[in-house]
Amino acid sequence: HIGIKPAVVFTKGVEDDFSEVPPYFGFNVWRCIGLSVPWEERFSFFQFMYHFLKTSLFSTNHDVKLRGKYLVQIANANTHALSKDLLKADRNSNLNERLGLSSGFISVHRTREKAVKAVLEAEDFGEVAEVLSLEDAIALEPKVQHLPFKCFFVHRPNDKTANCLEYLNEISGALLQAGVKYYNCLGDVTTIERFDPASQDGRFKVRTAKGSEGVYDYIILASGVSTPKIMLKLGIHAGCSCPTYPLKGYSLTLSAPTHIGGKTRGGDYLTRSMSFDNIYCTSLAGKGMVRLAGFGEIAGFPHGKDFSKRSTNTAAGVLHRYASAIFGRELNSSPDLVKPCFRPLSPDDLPLVGRVKAIPGLFLHHGHGTLGWTMSLATAECLAQDICEEIEGIDKKPDFFILSNGTTLPKAILSPDRFLYI
């Protein structure tokens, strides 16, 4: 769980120094509650901080480990759900290849003690992990030899990496073939108005930024960082069921030539995804690209100015320097290519999935933070069980979700209403 460090700022010059771990967390109070900040954004900030601090300060070690085990349980079910979809796919579709599916993950640590601790934590959560020697790590991923500091390596062989956009395109196409119809709205959703439940016109009217309207009986709200603001417009009780807040991060995505010195396969930059100094580095098999991502700032909701120019803080310099150190001249890296991204962060790291009791017909699928692709398939199946009276092949339980790998998860763990009683 992310802990708040007092007076943390991105220090000038750290982007040029590999001797210390760059700061991960930043906090800009003025962007969160300043005079120009709309009231609903201030409300979201104070509500998030209340639950965040309460969770951080009063959670026991048992509570923290239990939440961690739930996250791993969901992630394992997520991998199982993906595997099932791959088995069902037409063999002629080459879905595995299009997804860039690969296995294995290397986490890099600056001390042996931290590496051993990472293995013990993984094993405690039922994952397979092992400490690697430098030679073994280089054999699995040659790029680790370019990291500009002394390293200790942990390998998790069962971790999966795949292209979520390709997967979504595949699922969307399959649903169209199955007869599902999509009605595309024009522009972002701006308001959701609630009708009287007895109305023949439906329960909700949805308006978008470009003026389109639609009337619907049920709403699954999955609007990213805008979700808490939309929830507040449905009433204070709905707003209190969604105490999430944007976590601002940064990513650097670079394209690769098909072959580099005859040493790469199909344009791969990495044979294993890896992490170092709270930065994640991934390369999808055969896709000829590499992405570095990291950092977390509590710095308000995104507005146009957040995307109109490149990042000017230390994060851009750090990501560029690591890319240059690891890949050298193979990549045309630049701080100008670093882009901001906003993830909806839950106060207890667990997503908000299921019905909102205060608003009949309203469901949330939200708050996955930095783990959307890691958990969303499994949580979508949980959401379906909350919406549908019956699902073929699943013996539904009133207080539990049945995950795709057969394990059960208490509904209360993911319920948006869990924050109403704290």
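Residues numbered from 1 in each chain as written. Predicted model: local features only at pLDDT ≥ 70, side-chain atom pairs only at ≥ 80, totals over all residues. Heavy atoms only, no water.

Enquirer: What is the right way to read helix 11 (residues 372-387) from this model?
Expert: Quick reminder: α-helices carry 3.6 residues per turn. Residues three or four places apart thus point the same way. The largest bend along helix 11 reaches roughly 30 degrees and is located at Ala378. All of the buried residues in helix 11 are Met375, Leu377, Ala378, Thr379, Cys382, Leu383, Gln385 and Asp386. (Bend = angle between axes of the 7 residues up to and from the residue. Helix = DSSP H or I, 4+ residues; strand = E, 2+ residues; numbered from the N terminus. Buried < 20%, exposed > 50% of the residue type's maximum accessible area, 1.4 Å probe, protein only.)

Enquirer: What exactly am I supposed to notice about the sheet that holds strand 5 (residues 189-194) here?
Expert: Either a parallel or an antiparallel arrangement is found when strands of a sheet pair, and the pairing is made through backbone hydrogen bonds. Read from one edge to the other, the open sheet built from three strands follows the order 5-6-7, with strand pairing classed as antiparallel. Strands at the two margins of the open sheet, each flanked by one partner only, are strand 5 and strand 7 (213-216). Adjacent strand axes in the sheet meet at a mean angle of 20 degrees, parallel and antiparallel pairs treated alike. Where strand 6 (residues 204-208) meets strand 7, four bridges bridge the pair, whose relative direction is antiparallel. By the bridge assignment for strand 7, Lys205 is matched with Val215. (Pairing = 2+ DSSP bridges. Axes fitted to C-alpha atoms, helices over the stretch in contact; angles between N-to-C directions.)

Enquirer: In this structure, what is going on with unusual backbone geometry? I would like to understand it.
Expert: For residues other than glycine, phi is negative in most cases, and the peptide bonds are mostly trans. Positive phi, normally seen in glycine, also occurs at Asp277, with a value near 50 degrees. Along the chain, the position of Asp277 falls in the loop between strand 10 (273-276) and strand 11 (279-282). In this structure Asp277 comes out as buried when scored by relative accessible area, which is 9%. Although it is not a glycine, Asp349 sits at a positive phi angle of roughly 75 degrees. Mapped onto the elements, Asp349 comes out in the loop between strand 13 (339-345) and strand 14 (352-355).

Enquirer: I would appreciate a short explanation of the sheet that holds strand 8 (residues 219-221) in the present structure.
Expert: Taken together, three strands build an open sheet; the order of strands is 8-15-14 and the sheet is mixed. One side of each edge strand has no neighbouring strand; the edge strands of this open sheet are strand 8 and strand 14. With strand direction ignored, the average angle separating the axes of adjacent strands in the sheet is 20 degrees. Sheet analysis places strand 14 next to strand 15 (residues 362-366), joined by four bridges and oriented antiparallel. Bridge pairing in strand 15 places Gly354 opposite Leu364.

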